[in-house]
Amino acid sequence: MVIVKRKELSFWERLYLPEVVRGLSVTMRAIFRRKITRQYPEEPLATNEVTRGQPRLAVNEDDTIRCVSCGLCEIACPAYAITIDGQETDRFIEREPERFDIDMLRCILCGFCEEACPKDAIFMSEELELADFSREALVYDIEKLKRPISALQRRSDYVYKLNDRWHSSSSTS
Amino acid sequence: MPVEAVTLADTTTKELPLLVLWLFKAGLIYGGLLGTAALMTLAERKVSAWIQYRIGPNRVGPWGLLQPLADGVKFIFKEEVVPDGANPLMFRLAPILSAVPAMLAIAVIPFAGEVKIGDWSFGTLSIANLDISVLYVGALTGLSVYGVILGGWSSNSKYSLLGGLRASAQMISYELTLLLAVLSVVLMNGSLDLRAIAADQASTGMWNAIVQPVAFVLFVIAMFAETNRHPFDFAECEPELVGGFHTEYSSMKFALFFLGEYCAMVVMACLATTFFLGGGALPFIAELAWYVELPVFCAKASSFLFLFLWVRWTLPRFRYDQLMTLGWQVMLPLALVNLFVTGAVVALGWHPLLMPLLAIAVLVPFALLFGRPRPRSESLTHEGAAG
Amino acid sequence: MTTIQINGKDVEVDPKQPLIHALHTNGCDVPMYCYHPGLSPVGSCRICQVEVQQGEGPSRVVVSCRTPVADGMRVFPDSEKAHDVRRECLEFLLKNHPLDCPICDKAGECDLQDYSFAEGQGEGRSVEPRRKLEKRKSLGDVIVLDEERCILCSRCVRFMEEVPKTPQLTVADLGARSVIATFMDRPLTGKYQGNLADVCPVGALTLSAFRFQARVWNLTKTTGTCGECSRGCSVTTEVLRGGELKRFRPRYNADVNTWWMCDVGRFAIEEHSLEGRLVGALVRGSRELEPADPFDAIDRAADVFTAPGHPVVIASPWLTVEEGERLRDLAEALGSEVHFLSPPANDLADDLLHTGDPCPNRRGLEGLGFSPIDAEAALELLSGATSALICGERIGALLGEGLGELPEKLRLVVLDTMPLDVPAVRAELGVPSSIERTGTWINVDGHAGKLGIARSAPPGVAPLVQTLDDLVARLSTTATAGGER
Ligand code: SF4
Ligand code: SF4
Ligand code: SF4
Ligand code: FES
């Protein structure tokens, strides 16, 4: 048990009124300070490459999806937001997702999926807005998740940079 | 007196029939009151925003000026819920009881002196010219507690009941102080008529805020408690009582409670202006035309209104026992002593400016007495050992 | 018993087993790829090397799977040297191994993956390109071969030679070009091909039926017993996300099936499909079968059985011993005999596992006093009766078309996995399939096989034991009520 000793109040403090006046002066000064409100819809949140928006699936230039439905993001996801079923494809990568759902209501934008993906197929986009009229509509399927890789360029460059850094530091050590 | 005034009136001035005059003034003043109350809801949010580095409502109309309108529309369209087990009559009566007394009190506030436009005279700028308006105001402030306690009791909810109980205890306690402070003013200016009190201050140029500093401070503090405002908003107490007496209220009934609260604030601001700041008077200028007096009065009242908001967003809420201690052990004795000193000064015919000096002379020993640390912890250990 | 020293600790080991067995049974997790306890050791992958010292001589590194144990042997499986050697072996094995894990069905239960993760290096040192080989080579209907992934451990070759004794696979070509192949690329044949996917320590041989069906870590694995023949192989039932059954895999059971199971049981997946299952209960309305509350269906069944006469009771061969007991008691109370449907032996029998008898619990049911009866005789019995109870998984399907021709005066109560819409039916209740319930089957040799709940039964389907208990309780209350009246 800890006994917290209260600060002894001085005479003026005990009178209370002077302290009230002091408090009022603090708030009065605050009134004239610069306001930090952001007028949201007109003034959208600035994003940069560090922004972790909603995860999106990268689509190559030739319109093929990068994901091979390996399920690593599914298992890495701490919120169990991802559900994947695979299927065979004739492409070189042999397998692609048949179903790739992310429940955006569950997603906590942690970026673990991006980190887990061995195929650079999922990236945290800049998209932050999420609104709809039903829960079902917010479970994004593969069509809603597809984004051309160009739209994810900034983030993917950043991720590669991070990986390189990790790479060099781990191999030198 | 009114009768006299009519007979003595200058024959060249023309007057409207009394009924028309009243209706006209009532419309004007109540319009102003309700408008101010509505604007206060906006002001409350704006001021809170500013104090918290925010902008506040700015979506509806320019600078959010139409926000109260939008709120009103919202309130009208909200579902009205009467909880199971509520006393239906009292439940519906309570919001009315809370709003009406506050509004009635505005009737006797003298906003400005005689209004004359050309040949026409409209009398003073107040709805009713009551000789005993101070008593009238006192009676009405006493009534306003009914709305709160009835609302709390009839909702059939623990939180509401607790809120209502607290509010009634608090209002009764602080009403004493409030009225004692007013009594000092009445003694000082020798009248129960608000017009006369204002006029007296204006003519001598010695506002009661200067000659009655103790009463002024006590009045301001008690007025916060009377209107259930922070730091004395024990009736509502969101974190403790989930809204207190109005937990169960929705829609227009809820809006009425709020209207009552804001009207009470406006009335209190006007009263404070009249009692302590000389109404529409300006220092060192004896006679003012009504069109100067009215804005001056409004400006003074507005500063009190701003004080309400400012304090709300500055001070944390008291604890209930602190509230009661402050009310009964500090403010009430102070008010009594002040009343006694005032009486003595008036009876002995001393110069009123002696009052502040005397006040300080009385206050300092009092503060020392109150400010002494009380041996609370000691008595606690004592009890503990005994137990 | 032979005494050897592992990491300085004396242990008693079986002299007939190789050193690796001694290590594994004493808690040393030495990796192995080519060694399989059910196959003869060859020592080709060399990942199992450990340091061994005998007598006063210098220590040597030996492959533990090909080294017999000897008294006084001192083994250091975790020594620096052993680890180094194993790591080098691993690097060699990975030299040409593709970076396939994301699309490899073995990932998650792959020995190579596990050991690379534990000890492998993060990056290859080799600058040459990896071997390019065929990646989707079909070896018949069951198995797909990915030549790139193969580490040439030859487990599959030995399996084919030693277990079903139909050698069909071999290591073809030489050196770096070696691949696993069949003669002239002919498809594999036989009833035990599925085991190839299990013995392959990597993802080179995979089941075409399971190809890309699920990631193995998403499968819920429950122990169970295969119900496709009276051998009752111990299996692991693997279910995806609590619903679809994705695979059966053999579970080691020294008494019954050792490490293997046949393809008939392994691919009996459809039998447990959730599609078309009888959910809840059906009762005969004025005309049609209508969905009903299970309690109402039990009431209706009780009404059928309280009428005078002895109902015919025919059980499914998939009934467990526990369910059989309940059913027998019920039949006794009704004064009926109990039969179980016993289809004729099929031609799948072989001298390894499959018995050709499709009744997994024949011994159990016969022991309880059920008499076997074939579908024809059963239908005859039914058409002569006024009331009947047919009970258990797949019973409707086993009785077949003939059910539709049963006279309408027969009042039939059905407890089955699938709905049965024939005129005779009065009430019908769903039962769980054999991967949705617990219980015991007695196999052909008298070994008990336990069923396990791999997923919950469809909504409204209670365990058969409970349904029978409810029925008994309902019957006894009617009986007492009738007595009082
Ligand atoms: S960002 Fe995190 S929570 Fe969202 S899908 Fe990816 S892993 Fe799951
Ligand atoms: S981790 Fe990447 S490749 Fe694997 S399933 Fe997720 S998005 Fe697809
Ligand atoms: S065989 Fe194993 S190591 Fe090779 S790709 Fe498959 S999972 Fe990965
Ligand atoms: S397991 Fe011993 S050499 Fe392969």
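Everything numeric in this text was worked out from a predicted model, so none of it was measured. (Residues numbered from 1 in each chain as written. Chains lettered and ligands numbered in written order. Predicted model: local features only at pLDDT ≥ 70, side-chain atom pairs only at ≥ 80, totals over all residues. Heavy atoms only, no water.)

## With respect to the environment of Trp318 of chain C
Residues and elements named next belong to chain C.
Inference 1: Within the element layout of this structure, Trp318 appears in the loop between strand S16 (312-315) and helix H8 (321-334).
Inference 2: For Trp318, a relative accessible area of 6% translates into the label buried.
Inference 3: Separated by 157 residues in sequence, Trp318 and Glu161 place their C-alpha atoms 34 Å apart.
Inference 4: For Trp318, the residues in contact, after removing those within four places along its chain, are Gly227, Glu323, Pro358, Pro360, Glu393, Arg394, Leu398, Arg437 and Trp441.
Inference 5: Among the polar contacts listed, one links the side chain of Trp318 to the backbone oxygen of Gly227, at a separation of 2.9 Å. (Helix = DSSP H or I, 4+ residues; strand = E, 2+ residues; numbered from the N terminus. Buried < 20%, exposed > 50% of the residue type's maximum accessible area, 1.4 Å probe, protein only. Contact = heavy atoms within 4.5 Å. Polar contact = N/O pair within 3.5 Å; in protein donor to acceptor, adjacent residues only side chain to side chain.)

## As for the nonpolar core
Inference 1: Counting 88 residues, the largest nonpolar core has Ile106, Phe219, Met223, Leu271 and Phe275 of chain B as its most contacted members.
Inference 2: Ranked by the residues each element gives to this core, the list is headed by helix H11 (residues 251-276) of chain B, at 13 residues.
Inference 3: Once residues lying within four places of it in the same chain are set aside, the contact partners of Leu271 of chain B are Ile109, Val137, Leu194 and Phe219 of chain B.
Inference 4: Formed by 72 residues, the second largest nonpolar core is a distinct cluster that contains Cys45, Val50, Leu205 and Cys233 of chain C. (Core = buried A, V, L, I, M, F, W, Y, C linked by side-chain atoms within 4.5 Å.)

## Some thoughts on the site of ligand 3
Inference 1: Lining the immediate environment of ligand 3, one finds His97, Asp100, Cys101, Cys104, Ala107, Cys110, Leu112, Gln113, Val202 and Gly203 of chain C.
Inference 2: Of the residues assigned to the shell around ligand 3, the class counts are six nonpolar, three polar and one charged. (Near = heavy atom within 4 Å. Nonpolar A, V, L, I, M, F, W, Y, C, P; charged D, E, K, R; others polar.)

## Observations concerning unusual backbone geometry
Residues and elements named next belong to chain A.
Inference 1: Although it is not a glycine, Asp63 sits at a positive phi angle of roughly 70°.
Inference 2: Locating Asp63 in the fold gives a position in the loop between strand S1 (55-59) and helix H3 (72-76).
Inference 3: Phi at Tyr80 is positive, roughly 50°, even though this residue is not glycine.
Inference 4: Structurally, Tyr80 is set in the loop between H3 and strand S2 (82-88).

## Notes on the interface of chain C and chain A
Inference 1: Facing the 14 residues of chain C at the interface are 24 residues of chain A.
Inference 2: Here chain C meets chain A over a buried area of about 1400 Å², counting both sides, of which 46% is carbon and sulfur.
Inference 3: By the criterion of area lost to chain A, the three top residues of chain C are Arg136, Phe212 and Arg241 of chain C, representing 40% of everything that side buries.
Inference 4: Put simply, chain C and chain A have eight salt bridges between them.
Inference 5: A salt bridge links Asp105 of chain C to Arg95 of chain A, with the shortest nitrogen-to-oxygen separation between them at 3.8 Å.
Inference 6: Linking chain C with chain A are 11 residue pairs in polar contact (both at pLDDT 80 or more), by the criterion used here.
Inference 7: Grouping the constituent residues of the side of chain C that touches chain A by class yields five nonpolar, one polar and eight charged. (Buried area = accessible area lost by both parts, 1.4 Å probe. Salt bridge = Lys/Arg side-chain N within 4 Å of Asp/Glu carboxyl O.)

## Thoughts on the interface of chain A and chain B
Inference 1: Each side of the interface is counted separately: chain A has 21 residues, and chain B has 22 residues.
Inference 2: Overall, the association of chain A and chain B removes approximately 1900 Å² of surface from exposure, summing both partners, and the carbon and sulfur fraction of that is 70%.
Inference 3: Of all residues in chain A, Arg14, Leu24 and Ile31 of chain A give up the largest surface area on contact with chain B, accounting jointly for 26% of the area buried on that side.
Inference 4: Close ionic contact of Arg59 of chain B with Glu42 of chain A constitutes a salt bridge, the shortest N to O distance being 2.9 Å.
Inference 5: On inspection of chain A and its partner chain B, the count reaches 10 residue pairs in polar contact (both at pLDDT 80 or more).
Inference 6: Every element with two or more residues in the side of chain A that touches chain B is listed here: helix H1 (11-15) and helix H2 (17-31) of chain A.

The quantities given are spatial measurements derived from coordinates; they are silent on function.
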